[in-house]
Amino acid sequence: MDVNKIQVIDDDGNELEFDVLFTFDSEDTGKKYVLYYDADDENAQVYSSIYDDEGNLYPIETPDEWDMIEEVFNSFMAEDEEEERLQDID
């Protein structure tokens, strides 16, 4: 999944467009994950799904997967904050 936007069908059958925050592969689960959000929402929530090579999205299946995704997300946010801090110094 190399695109910056994805389409998600909600529970009511509406197609919604989200911005991709990042994707990653897990060697532990052998699955691909995408984290995405609504860039138009000031209080945007970050969502996560499993995806396949065709771009189909699937729900996260286990609490262990959620824990792993949370760790990856927190690492991503910490790195992003560190990069911003270093740019402010320069």
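The protein carries the name UPF0473 protein NMU03_16875 in an unreviewed UniProt entry, which gives Allocoprobacillus halotolerans as its organism. Its UniProt record gives the protein the following Sequence similarities (unreviewed entry) comment, quoted word for word: "Belongs to the UPF0473 family."

*Asks:* How should a negative patch on the surface be read in this particular structure?
*Replies:* On the surface, Glu15, Glu17, Asp40, Asp41 and Glu42 cluster together into a negatively charged patch. Along the polypeptide, glutamate 17 turns up in strand β2 (residues 15-25). A relative accessible area of 47% places glutamate 17 in the partly exposed class.

*Asks:* I would appreciate a short explanation of the sheet that holds β2 in the present structure.
*Replies:* The pairing of strands in a sheet comes from backbone hydrogen bonds and takes either a parallel or an antiparallel form. Taken together, 5 strands build an open sheet; the order of strands is β1-β2-β3-β4-β5 and the sheet is antiparallel. Two strands in the sheet have a free side with no partner beyond their single neighbour: β1 (5-9) and β5 (57-58). When β2 meets strand β3 (residues 32-37), the two strands line up antiparallel, connected through 6 bridges. Paired with phenylalanine 22 across the strands is leucine 35, a residue of β3.

*Asks:* How do you make sense of the nonpolar core when you look at a structure like this?
*Replies:* Soluble, globular proteins show a tendency: their nonpolar side chains are buried together. In this structure, Phe22, Phe24, Tyr33, Leu35, Ile50, Ile60, Met68 and Ile69 together form the largest nonpolar core, which totals 8 residues. Among the elements of the structure, β2, β3 and α1 (63-89) are those that each provide at least two residues to this core. When sequence neighbours within four positions are dropped, the list of residues in contact with tyrosine 33 reads Phe22, Thr23, Phe24, Ser26, Ser49, Ile50, Tyr51, Ile60, Glu65, Met68 and Ile69.

*Asks:* I'm lost on the pairing of strand β4 (residues 47-51) in this one. Help?
*Replies:* Sheet faces and side chains relate simply in a regular strand, where the side chains alternate between the two faces. Counting buried positions over the 5 residues of β4 gives 4, a clear majority of the element. Across 5 bridges, β3 lies against β4 in antiparallel orientation. Of the residues in β4, the one forming a bridge with lysine 32 is tyrosine 51. Pairing between β4 and β5: 2 bridges, direction antiparallel. Across the sheet, isoleucine 50 pairs through a bridge with tyrosine 58, a residue of β5.

The rules behind each value
- Residues numbered from 1 in each chain as written.
- Predicted model: local features only at pLDDT ≥ 70, side-chain atom pairs only at ≥ 80, totals over all residues.
- Heavy atoms only, no water.
- UniProt positions renumbered as here; feature names shortened; annotations may be inferred.
- Patch = residues over 30% accessible without salt bridge, like charges linked within 9 Å, V, L, I, M, F, W, Y side chains within 5 Å.
- Areas by Shrake-Rupley, 256 points an atom, 1.4 Å probe, with all protein chains shown as cover.
- Salt bridge = Lys/Arg side-chain N within 4 Å of Asp/Glu carboxyl O.
- Lys, Arg positive; Asp, Glu negative; His and termini not counted.
- Charge placed at Lys NZ, Arg CZ, Asp CG, Glu CD.
- Helix = DSSP H or I, 4+ residues; strand = E, 2+ residues; numbered from the N terminus.
- Buried < 20%, exposed > 50% of the residue type's maximum accessible area, 1.4 Å probe, protein only.
- Pairing = 2+ DSSP bridges.
- Core = buried A, V, L, I, M, F, W, Y, C linked by side-chain atoms within 4.5 Å.
- Contact = heavy atoms within 4.5 Å.

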